[in-house]
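Overview (structure and organization)
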Amino acid sequence: MDNNLKASLRNLHANLANTGPIDVELQQLLQQLEGDIKQLLEKRGAAPGAATTTYGLAERTQEISAKFAAQHPQLEPALRELGNILASMGI
């Protein structure tokens, strides 16, 4: 499942590269989310099966998606996919 998550992050980056200018707020939220996801993956890699605190990453992804759907509709599918992957992982 981690491979799906990494692929989804790559897809999001590709969409971001093709989007054009992105407002600072969205950029900061996405950077924070990506940092949290990378940190989670590192913890899971170091101690597979160990409990990790995720602070609602799936929910935060969905909130970001909803908040910016009108301004950046091309990012919404990638964010929704990322949120679905996180949710299916129980994150």
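The structure under discussion appears in the preceding block.
Not measured: the values here are computed from a predicted model.

With that out of the way, let us pick up the side chain of Ser-65. You can see Ser-65 is positioned in helix α3 (residues 57-68). The contacts of Ser-65, once residues within four sequence positions are left out, are Glu-76, Leu-79 and Arg-80.

With respect to the element layout, Glu-81 can be found in helix α4 (residues 76-88). A relative accessible area of 34% means that Glu-81 is categorised as partly exposed. With sequence-adjacent residues up to four places away left out, Glu-81 is seen in contact with Ser-8 and Asn-11.

Now for helix α1 (residues 2-19). Structurally, the α-helix is built with 3.6 residues per turn, so residues lying three or four positions apart point the same way. Between its terminal C-alpha atoms α1 stretches 26 Å, which fits the 26 Å expected from 18 residues at 1.5 Å a residue. Along α1, the positions that sit buried rather than exposed are Leu-5, Ser-8, Leu-9, Leu-12, Leu-16 and Thr-19. Viewed end-on, α1 has its buried residues packed into an arc of 100°, placing them on one side of the element. Facing away from the buried side of α1 by over 90 degrees, the exposed positions are Asn-3, Arg-10, Ala-17 and Asn-18. Once α1 ends, the next one or two residues include Gly-20, with phi positive near 95°.

For the pair α1 and α4, the least separation of the axes is 9 Å and the interaxial angle reads 165°. As far as their axial angle goes, α4 and α1 are roughly antiparallel. Between α1 and α4 lies a crossing whose hand is left-handed. Residue-level contacts link Asn-4, Leu-5, Ser-8, Leu-9, Asn-11, Leu-12 and Asn-15 of α1 to Ala-78, Leu-79, Glu-81, Leu-82, Ile-85 and Leu-86 of α4. Class assignment for the residues of the contact of α1 with α4 results in eight nonpolar, four polar and one charged.

The rules behind the values
Residues numbered from 1 in each chain as written. Predicted model: local features only at pLDDT ≥ 70, side-chain atom pairs only at ≥ 80, totals over all residues. Heavy atoms only, no water. Helix = DSSP H or I, 4+ residues; strand = E, 2+ residues; numbered from the N terminus. Contact = heavy atoms within 4.5 Å. Buried < 20%, exposed > 50% of the residue type's maximum accessible area, 1.4 Å probe, protein only. Expected span 1.5 Å × (residues − 1). Arc of directions from axis to C-beta. Axes fitted to C-alpha atoms, helices over the stretch in contact; angles between N-to-C directions. Parallel < 35°, antiparallel > 145°, perpendicular 65-115°, else oblique. Left-handed = near helix turned anticlockwise from the far one by under 90°. Nonpolar A, V, L, I, M, F, W, Y, C, P; charged D, E, K, R; others polar.

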